[in-house]
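# Structural features, examined
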Amino acid sequence: GHLAEYVSPDAYDEKFNQWRYEDLPIIPKDWKVTVSEDKKDQFYILKRLLNSPEIEYVVNACDAGREGELIFKHVYDLSGSKKPVKRLWISSLEDSAILDGMQHLRSAEEYRHLAEAAVCRSQADWLVGMNATRAYTTKYFKKLTVGRVQTPTLAMLVERAGQISNFQKEKYFNVELDCDGIPAVKPKIFDPDEAEQLRSRCQGSEAIVTAVKETEKKVKAPKLYDLTTLQREANRIYGMTAKQTLDTAQSLYEKKLITYPRTDSQFVTEDMRDTAEELVGKMPVLLPFLDYGQLGHNITRVINNAKVSDHHAILPTKEAVEKGISDLTADKKNLMMLVCQQLVQATGEEYQYEQTDITVKCQGHDFTARGKVPVQMGFKAAGNAFKNQCVKAKPEEETEKETSIPYGYEEGMTLSPVKAEKTVHFTSPPKPFNEDTLLAAMETAGNKDFDSETEKKGLGTPATRAGIIEKLVSSGYAVRKGKKILPSTEGRELVNVMPAYLKSAAMTAEWENQLLMMEKGQITDTQFMGEITSLVGKILSVCREIPETERRRFQ
């Protein structure tokens, strides 16, 4: 990860030890970078090597992406090395891919714009975070932490909590008929008298089948896991937090049992076809509840070079098959099985079922019934075997039943006598966020504002989302209650005093779109940073106008 980071404001000038609104904005002329205390040993090893007379040139083999450029640049600049740099650009760790990459090293100059974009993203986050946090804290006499990703995430929690507390539940009724074995329903009648009248008119009368529609439906196999999907599933199935999942996955990666976990891709590259095929064939070794007949051979579905950026999807490794996973701790074993069964599902055949929709008319009203009968289990065979063996609690949303409707119904048939009953239901408020749904919301936040080619959409990256959630909890802006994540009173107050542009994902979208333009050489770093500086100015001028009475709201 990052060995170096930008220094805090007081390193530029001692006066910044005191937080004073008059001293803002803090905008460094020459940015200073320092090595974090716990990483100094590693840095000095690199510094020695980077300046060693025995070395002709340096290969930057960091991740093939924006952050990889930044990690390298900071260490290289701090080391004072002047050696020429070449770039290894690979996203697959197959031996063949590494060899091929080493034989075709590129010049670092090709990635100059990408490195500039990385530096700008990092400095922009620092400028907005430092200045906005100090401005709001000094104006309100209370520590208020502001961040480009953290604040909009908190705003989503607060908005959802508001929708729930303002929700007025309404009673409604369904009238359900049993017409000779067909369970037909007319849903959501809000007037109790109307529902009761319909029930009593239908009871004992006759119904006519007005439509029978049979359709073959197909469901495609799910994709492989990227980090966010793995975190969501581990939360849903095992109740693990995003951070627990990331830490466990990192540990499995360090034991060489799974591939690199901090990825936002759900595909692998073409050069991994044989490896993927071989891995699928060996999965029953790690998953004793699977038999070889449940394996699909749909490897092509998981291959897409264009959809692999810095890293490919998470897979088990060949070493995992050789070593086995029986001696792992419970959490590690659970996560390992999750990754393995996903590989089997993703390469499985599609699930096919027959859906029958029947409409019957009774007393002038339409009632509908739907039945589903599986035709080919496909990938679901492996998924169901996994759930039955490894999942103690069934997640709530998976209560969908296979309902079959007896055959032989045709349009025009009369069914009698009809049994009718009225059932009572209530409209339900939106659900509070849990780790699974919050990660999903962060991943898609502001998507309509991003350019189609922008690589990093949503709030944060797969590598940082877990940390953002933990930071909201540790700073007291959010609380965990069972599986739920709720905003605290402090969190609500912070969001209430923030201006709209600091609360929405649109600012991140705007930055990412501009960084993409910078990567392509269409705008310069000076242009981008000029806009960030004027944004900081805007934040400060809004703070300057906060009236005295409002400033006392936390006293």
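The structure under discussion appears in the preceding block.
Residues numbered from 1 in each chain as written. Predicted model: local features only at pLDDT ≥ 70, side-chain atom pairs only at ≥ 80, totals over all residues. Heavy atoms only, no water.

## A short note on the overall build of the chain
A tally of regular secondary structure across the chain gives 19 helices and 14 strands. For the chain, the spread of C-alpha atoms along the three principal axes comes to 95 × 65 × 45 Å. Per-residue burial over the chain gives 48% buried out of 555 residues. Partitioning the intrachain contacts of the chain with sequence separation of at least 6 by distance along the chain shows that 79% fall at a separation of at least 24. (Helix = DSSP H or I, 4+ residues; strand = E, 2+ residues; numbered from the N terminus. Buried < 20%, exposed > 50% of the residue type's maximum accessible area, 1.4 Å probe, protein only. Contact = heavy atoms within 4.5 Å.)

## Topic: the side chain of Gln 341
Summarising the element assignment, Gln 341 is placed in helix α11 (residues 330-346). According to the relative accessible area criterion, Gln 341 is buried, its value standing at 2%. A polar atom in the side chain of Gln 341 sits 3.5 Å from the side chain of Tyr 225. There is a polar contact of 2.7 Å between the side chain of Gln 341 and the side chain of Gln 345. (Polar contact = N/O pair within 3.5 Å; in protein donor to acceptor, adjacent residues only side chain to side chain.)

## Examining the packing of aromatic side chains
All told, the structure shown has 13 aromatic pairs when counted by the stated rule. Between the aromatic rings of Tyr 136 and Tyr 140, the centroid separation amounts to 6.4 Å while the plane-to-plane angle is 10°, which identifies the pairing as stacked. One end of the pair, Tyr 136, and the other, Tyr 140, are both in helix α4 (residues 112-140), four residues apart, so they sit about a helical turn from each other. Each member of the pair Tyr 136 and Tyr 140 is classed as buried. Following the ring pairs from residue to residue traces out a cluster consisting of Tyr 6, Tyr 12, Trp 31 and Trp 126. Across from the ring centre of Phe 173, 5.2 Å away, lies the NZ or CZ of Lys 422, which sits over that ring. (Phe/Tyr/Trp six-rings, centres within 6.5 Å; stacked < 30°, edge-to-face > 60°. Lys NZ or Arg CZ within 6 Å of the ring centre and 35° of its normal.)

## Describing the packing of α4 against helix α17 (residues 506-519)
Orientation of α4 relative to α17, taken along the N-to-C sense of each, is 155°, at an axis distance of 8 Å. As summarised for this structure, α4 and α17 are arranged roughly antiparallel, according to the angle between their axes. Crossing angle aside, the handedness with which α4 passes α17 is right-handed. Counting all contacts with α4, which are made through His 113, Leu 114, Glu 116, Ala 117, Cys 120, Arg 121, Ala 124, Asp 125 and Val 128, the residues of α17 involved are Met 507, Trp 511, Leu 515, Met 518 and Glu 519. The residue inventory of the contact of α4 with α17, partitioned by class, reads nine nonpolar, one polar and four charged. (Axes fitted to C-alpha atoms, helices over the stretch in contact; angles between N-to-C directions. Parallel < 35°, antiparallel > 145°, perpendicular 65-115°, else oblique. Left-handed = near helix turned anticlockwise from the far one by under 90°. Nonpolar A, V, L, I, M, F, W, Y, C, P; charged D, E, K, R; others polar.)

## Overview of the pairing of strand β8 (residues 207-219)
Sheet analysis places β8 next to strand β11 (residues 414-415), joined by two bridges and oriented antiparallel. The partner of Ile 208 across the bridge, within β11, is Thr 414. Judged from the 11 bridges that link them, β8 and strand β9 (residues 351-362) form a sheet pairing that is antiparallel. Residue pairing across strands places Lys 218 opposite Gln 352, the latter belonging to β9. (Pairing = 2+ DSSP bridges.)

## Some thoughts on the nonpolar core
Core analysis: the biggest nonpolar cluster contains 63 residues, and Tyr 136, Leu 502 and Phe 528 have the highest contact counts within it. Broken down by element, this core gets its largest block of residues, 12 residues, from α4. For Leu 502, the residues in contact, after removing those within four places along its chain, are Val 128, Tyr 136, Val 146, Thr 151, Pro 152, Met 507 and Ile 539. Of all hydrophobic cores here, the second largest spans 45 residues; its members include Met 240, Phe 289, Ile 303 and Cys 340. (Core = buried A, V, L, I, M, F, W, Y, C linked by side-chain atoms within 4.5 Å.)

## Observations concerning the environment of Lys 139
Mapped onto the fold, Lys 139 is located in helix α4. For the pair Lys 139 and Tyr 111, spaced 28 residues apart in sequence, the C-alpha separation works out to 42 Å. When residues no more than four places from it in sequence are discounted, the contact partners of Lys 139 are Tyr 21, Cys 543, Arg 544, Ile 546 and Arg 551.

## A look at the pattern of salt bridges
Inspection of every chain in the model, using the stated rule, returns 29 salt bridges. Linking Arg 20 and Asp 23 is a salt bridge whose minimum nitrogen-to-oxygen distance equals 3.2 Å. For Arg 20, a relative accessible area of 34% gives the class partly exposed. Across the pair Arg 148 and Asp 125 runs a salt bridge, and its minimum N-O distance is 2.5 Å. Note that Arg 148 is positioned in the loop between α4 and α5 (150-165) and Asp 125 in helix α4, a separation of 23 residues in sequence. Here Arg 148 falls in the buried class, since its relative accessible area comes to 13%. Looking at Asp 125, the relative accessible area reads 22%, which means it is partly exposed. Via salt bridges that share partners, Glu 67, Arg 121, Asp 125 and Arg 148 belong to a single interconnected network. (Salt bridge = Lys/Arg side-chain N within 4 Å of Asp/Glu carboxyl O.)

## A word on the pairing of strand β14 (residues 484-487)
Because side chains alternate across β14, one face comprises the buried residues Ile 485 and Pro 487, and the other comprises Lys 484 and Leu 486, none of which is buried. Two elements, strand β13 (residues 478-481) and β14, share four bridges in a ladder whose sense is antiparallel. Bridge pairing links Ala 478 to Pro 487 in β14. Connecting β13 to the antiparallel partner β14 that follows it, the hairpin turn spans two residues, and Gly 482 within it adopts a positive phi of roughly 65°.

## Description of helix α8 (residues 242-254)
A rise of 1.5 Å per residue sets the reference length of α8, with its 13 residues, at 18 Å; its end C-alpha atoms lie 18 Å apart and thus fit the reference within 8%. When α8 is considered as a whole, its buried residues turn out to be Ala 242, Thr 245, Leu 246, Thr 248, Ala 249, Gln 250, Ser 251 and Leu 252. Those residues of α8 that are buried are in contact with α7 (227-238), α11, α13 (435-444) and α14 (465-474). A positive phi of about 65° marks Lys 256, the residue just after α8. (Expected span 1.5 Å × (residues − 1).)

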